[in-house]
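Secondary and tertiary structure notes
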Amino acid sequence: MDARLRQDVATSLDASPALLPFLPALLADVEALGSSPGAVIDLLRGRGLPAETTRVLDLGCGKGAVAVPLAKALGFQVLGVDAFAPFVEAARQRAQARGVAHRCRFVCEDLRRTLRADAAFDVLVYASIGPLLWPMDEAMRRLRRVVRPGGLLVIDDGFMAEEGASVPGYEGYAGHTETRRRLTAAGDEILEEVLCSPEAMHAENRRTTERIRRRAEELARAHPEQAVLFRAYVRRQERECAVLEAAYVPALWLLRRS
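A brief report on the enclosed structure follows.

Definitions and cut-offs
Residues numbered from 1 in each chain as written. Predicted model: local features only at pLDDT ≥ 70, side-chain atom pairs only at ≥ 80, totals over all residues. Heavy atoms only, no water. Helix = DSSP H or I, 4+ residues; strand = E, 2+ residues; numbered from the N terminus. Rg over C-alpha atoms; globule rule 2.2 N^0.38 Å. Contact = heavy atoms within 4.5 Å. Core = buried A, V, L, I, M, F, W, Y, C linked by side-chain atoms within 4.5 Å. Buried < 20%, exposed > 50% of the residue type's maximum accessible area, 1.4 Å probe, protein only. Pairing = 2+ DSSP bridges.

With that settled, the discussion passes to the overall build of the protein. Within the protein, the regular secondary structure consists of ten helices and seven strands. Its C-alpha atoms give the protein a radius of gyration of 18 Å, near enough to 18 Å, the size a compact globule of 258 residues would have. Here the C-alpha coordinates of the protein stretch approximately 55 × 45 × 35 Å along the principal axes. In the protein, the share of contacts with a sequence separation of at least 24, taken over all contacts with a separation of at least 6, comes to 75%.

The biggest cluster of nonpolar side chains holds 34 residues, and the ones touching the most others in it are Leu59, Leu124, Tyr126 and Leu143. Contributions of two or more residues to this core are made by β1 (55-59), β2 (77-82), β4 (121-127), α7 (136-144), β5 (147-160), α10 (227-247) and β7 (248-256). Residue contacts for Tyr126: discarding those within four places in its chain leaves Leu59, Leu111, Leu132, Leu133, Leu143, Val154, Ile155 and Asp156. With 28 residues, the next largest nonpolar core counts Ile41, Ala67, Phe76 and Val123 among its residues.

Within the secondary structure layout, Met160 lies in strand β5. For the pair Met160 and Glu178, spaced 18 residues apart in sequence, the C-alpha separation works out to 9.8 Å. Setting aside chain neighbours within four positions, we find Met160 in contact with Ala165, Val167, Tyr170, Tyr173, Ala174, Gly175, His176, Ala247 and Tyr248.

Let us look at the pairing of β4. The element β4 is extensively covered by neighbouring structure, given that seven of its seven residues are classed as buried. Inspection of the sheet shows β1 paired to β4 by four bridges, in the parallel sense. Following the sheet pairing, Leu59 is matched in β4 by Tyr126. Where β4 meets β5, six bridges bridge the pair, whose relative direction is parallel.

The subject of this paragraph is unusual backbone geometry. The phi torsion at Glu52 lies on the positive side, around 80°, for a residue other than glycine. Positionally, Glu52 belongs in the loop between α3 (37-44) and β1. Classification of Glu52 as partly exposed rests on a relative accessible area of 42%. Positioned with a positive phi, Ser128 is a non-glycine residue whose angle comes to about 55°.

Distances and angles like these do not, on their own, reveal function.
Structure, rendered in structure tokens:
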């Protein structure tokens, strides 16, 4: 993994590159890594997508928290792509344990490389990756290229609670109206939008932060020379949660490609 990709992977996980070797342990109890597997399944269920032949591309698949349930619950064929090798291996193990290894394939690769390949997937999932491909309207143009006409795109991200708000570290985000405009700038149609309630976001943030804190303290005892690094990561998570809860609305969108 080159320096640029290491930085991008670290940024997507709110970490520094120096922390990458410890992230599998730090995030051992965090399975979905910000995505909403159940909500994604609910969006796609009943859309007339045939089991076995529906091809899904899950970009930034992490540990397979979305890909494996899609294969298990809906019978889809899923290709998961992630640049962090430990997560790709965890996804493979999850698929094997859930009995869907024959329906899932996981590749360790920069998702920008994946988007350069010719493809025509029935469904694309882009969940909780952040501004890697931004601006969002440009990201949508790139993402839709690997989806067949009439295919579906699942975008798990969010928007600023107030139109025109600017928050340090989230400068690329816009309010609700502008975000919807960017999502549909290439002519695609929003079929459904699911918003996360502030109460649900707060509760999930608390659970996730506490799990990370426990793992950070375990690592601090095992590697006291790195204790400052681990605890700084926990504090960063707490600050990020506070910012998001004050100014951000998580959202899940289902679009149909024109």
